[in-house]
Amino acid sequence: MPQKTQEREWNSEAYHRLSRPQFEWGVKVLDRLPLHGDETVADAGCGSGKVTAKLLERLPRGRVIALDLSGNMLQTAREHLEPRFDGRVFFIAADLHDIPLDGVLDGIFSTAAFHWVADHDRLFRSLLGSLRPGGWLEAQCGGGPNLARVRERTLALISRADFAPFFEGWSPTWQYPDDVTTAERMRRGGFAEVKTWLEEMPTSLPDAEVYKEFLATVTLHRHVERIPDPALRARFMTELARQAAADDSPFTLDYWRLNMSGRKV
């Protein structure tokens, strides 16, 4: 698989199975949507489609445009959504920096996606351009001190002699801005009625095996795929799980969620 394609891909079936925290957060964000039931709404970074299904249930006379850069994610979403919502859900492979829609959306919903987008100024311009006048954005992603403990441990681990050669010249692709920075970027991008805030969402996993699989699939998949030797990959994840087991609350991920709300005038 070419490197650029690989870097946008996920193990979508494993993500669908493991992403309970992301699903639960997404359902809470759905409660913020100002829906009448007949709108055209984009799910920006739809992933495997679990939250998208809940969005569709709230749009009985509307339609959803499911956007994602990952072909694997879109395929899994299509398999789960088309049998129930065929004719009301449409799938587009798209980079959120350049959404191929021009002023057609009543709203944009997004969870657990924007922190994978490199340029947030460009992101917000792209989102605004896809909205009709009066259209809204309700979104949530990682922000602020999100996963600070995991990131610190991972940085130390990739600096070790046995792992460092696989990470030369590489840096993680995630972006975790704070609420103030994000509000400024949204306003620069043209959004009005901007609101942003951070929420602490610690998430505990049951044991070491689930912890390792969750990190390898949901959080550190870009790290893991850089280590070609399966034995070294296992050692990498086992060391992170060993450290997490010694925490006051074992196998707890220090998640923080960045919420954002805005409107196109």
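Residues numbered from 1 in each chain as written. Predicted model: local features only at pLDDT ≥ 70, side-chain atom pairs only at ≥ 80, totals over all residues. Heavy atoms only, no water.

**Some words on the overall build of the chain**
Moving on, step 1. When helices and strands are tallied, the chain shows eleven helices and nine strands.
Moving on, step 2. Its C-alpha atoms give the chain a radius of gyration of 19 Å, near enough to 18 Å, the size a compact globule of 265 residues would have.
Moving on, step 3. By its C-alpha atoms, the chain is 55 × 40 × 35 Å across when sized along the principal axes.
Moving on, step 4. Residue burial in the chain is summarised as follows: out of 265 residues, 52% are buried.
Moving on, step 5. Once local pairs closer than 6 in sequence are excluded, the contacts in the chain between residues at least 24 apart make up 81%.
Moving on, step 6. Charged side chains in the chain number 34 positive and 38 negative. The centres of these two groups are separated by 2 Å. (Helix = DSSP H or I, 4+ residues; strand = E, 2+ residues; numbered from the N terminus. Rg over C-alpha atoms; globule rule 2.2 N^0.38 Å. Buried < 20%, exposed > 50% of the residue type's maximum accessible area, 1.4 Å probe, protein only. Contact = heavy atoms within 4.5 Å. Lys, Arg positive; Asp, Glu negative; His and termini not counted. Charge placed at Lys NZ, Arg CZ, Asp CG, Glu CD.)

**Quick look at the side chain of Ser130**
Moving on, step 1. Relative to the helices and strands, Ser130 is located in helix α6 (residues 120-130).
Moving on, step 2. The buried category is assigned to Ser130, whose relative accessible area is 0%.
Moving on, step 3. Residue contacts for Ser130: discarding those within four places in its chain leaves Ile99, Leu101, Gly103, Val104, Leu105 and Ile108.

**Some remarks on the pairing of strand β3 (residues 89-93)**
Moving on, step 1. Relative to β3, strand β2 (residues 63-68) runs parallel, the two being bridged by five bridges. Bridged to Asp68 within β3 is Ala93. (Pairing = 2+ DSSP bridges.)

**Re the pattern of salt bridges**
Moving on, step 1. Inspection of the entire model under this criterion finds 18 salt bridges.
Moving on, step 2. A salt bridge links Lys54 to Glu57, with the shortest nitrogen-to-oxygen separation between them at 3.8 Å. One end of the pair, Lys54, and the other, Glu57, are both in helix α4 (residues 50-57), three residues apart, so they sit about a helical turn from each other.
Moving on, step 3. Taking relative accessible area as the criterion, Glu57 reaches 38% and is therefore assigned partly exposed.
Moving on, step 4. The salt bridge involving Arg263 is made with Glu193; its shortest N-O contact spans 3.6 Å. On the criterion of sequence distance, the pair formed by Arg263 in strand β9 (residues 256-263) and Glu193 in strand β6 (residues 192-200) is long-range, its members being 70 residues apart.
Moving on, step 5. For Glu193, a relative accessible area of 56% corresponds to the exposed category.
Moving on, step 6. Through salt bridges with shared partners, a single ionic network connects Lys54, Glu57 and Arg84. (Salt bridge = Lys/Arg side-chain N within 4 Å of Asp/Glu carboxyl O.)

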